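Each chain, letter by letter, is given below.
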Amino acid sequence: MALGAGAITTALVGQAVVPAYAANDSADLIKKFTGGKEPTVGRIRLDLPEIAENGNTVPMTVSVESPMTEQSYVTDVLIVADGNPRAGVVTFHFSPASGVAEANTRIRLASTQNIIAVAKMNDGAFFTAKKEVKVTIGGCGG
Amino acid sequence: MAAAAVRPRIKLEKKSAKKGEIVEVKALVAHIMETGQRKDSAGKTIPRKILNKFTCTVNGKEVFSADFEPAVSANPYIQFKFRALESGPVILTWTDDDGSTIVGQDSITVT
């Protein structure tokens, strides 16, 4: 009962509640990318360091399990960071010609936060993965 | 720095590959990637200037591309793979916010 009451209270003051990790537009970007569809957790490997001493350049590798054939392949992978001033980081575009749905780049992280990857398949399915990175020195300058 | 003067560094894992083999590409290009969120000493916002688009074609066919946001580090590094199907030029193109492009080239021989 107490739990139910708590949920109602949260819903009522929903506008005022600021979740720990949703200060920027990450949720909106994901919603726009998936067209409102809820992505399934899995099939994505997101490699980032546990602790990044320098948030200016954090290596990130994303790979998605897929045969990458004309019948079944990954079309796009969206990467967002939920604690940066702006959530968008990078979007990768693949095709069967990519052979493997894998890419690596270096990103800026302002503070400790979650990196979220969402992959879109050619059949319209969406998958997601999340990884927290602890940042010692932020990477967004002044 | 004039974007046209920038020479990207490109490394193909192999110069020749069997048909269907996967080839890894690593590329690094010098660019400030100014986020548009920083302020100068006078408190004025420094205008955004980033490379916002990256594309790789092999023998004229796109194999991989990416949209960069300001959260991509300065001197952006990109690593990806493609399936070697045809011999030909491997052309990497970065597009600046100002519309200019940085182009780098290598080639692959498919046996």
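Look a little higher up for the structure.
Summary of the structure given here.

Criteria and cut-off values
Residues numbered from 1 in each chain as written. Chains lettered and ligands numbered in written order. Predicted model: local features only at pLDDT ≥ 70, side-chain atom pairs only at ≥ 80, totals over all residues. Heavy atoms only, no water. Pairing = 2+ DSSP bridges. Helix = DSSP H or I, 4+ residues; strand = E, 2+ residues; numbered from the N terminus. Axes fitted to C-alpha atoms, helices over the stretch in contact; angles between N-to-C directions. Salt bridge = Lys/Arg side-chain N within 4 Å of Asp/Glu carboxyl O. Buried < 20%, exposed > 50% of the residue type's maximum accessible area, 1.4 Å probe, protein only.

Moving on, we get to the sheet that holds strand E4 (residues 58-64) of chain A. Read from one edge to the other, the open sheet built from six strands follows the order E2(A)-E4(A)-E7(A)-E6(B)-E3(B)-E1(B), with strand pairing classed as antiparallel. The sheet terminates laterally at strand E2 (44-47) of chain A together with strand E1 (9-12) of chain B, the two strands that pair on one side only. Taken pair by pair, the neighbouring strands of this sheet meet at an average axis angle of 15°, ignoring direction. Pairing of strand E3 (residues 22-28) of chain B with strand E6 (residues 77-83) of chain B involves seven bridges; the strand directions are antiparallel. The partner of Leu 28 of chain B across the bridge, within E6 of chain B, is Tyr 77 of chain B.

Now for the pattern of salt bridges. For the coordinates displayed, the defined rule picks out 12 salt bridges over all chains. For Glu 132 of chain A, the salt bridge is made with Lys 134 of chain A, and the minimal N-O distance between the two is 3.4 Å. Classification of Glu 132 of chain A as partly exposed rests on a relative accessible area of 31%. Assessed through its relative accessible area of 44%, Lys 134 of chain A is described here as partly exposed. One salt bridge in this structure joins Lys 61 of chain B and Glu 86 of chain B, with 2.9 Å as the shortest N-O distance. Within this pair, whereas Lys 61 of chain B is found in strand E5 (residues 61-68), its partner Glu 86 of chain B is found in the loop between E6 and strand E7 (88-96), the two being separated by 25 residues in sequence. Accessibility expressed as a relative area gives 32% for Glu 86 of chain B, which makes it partly exposed.

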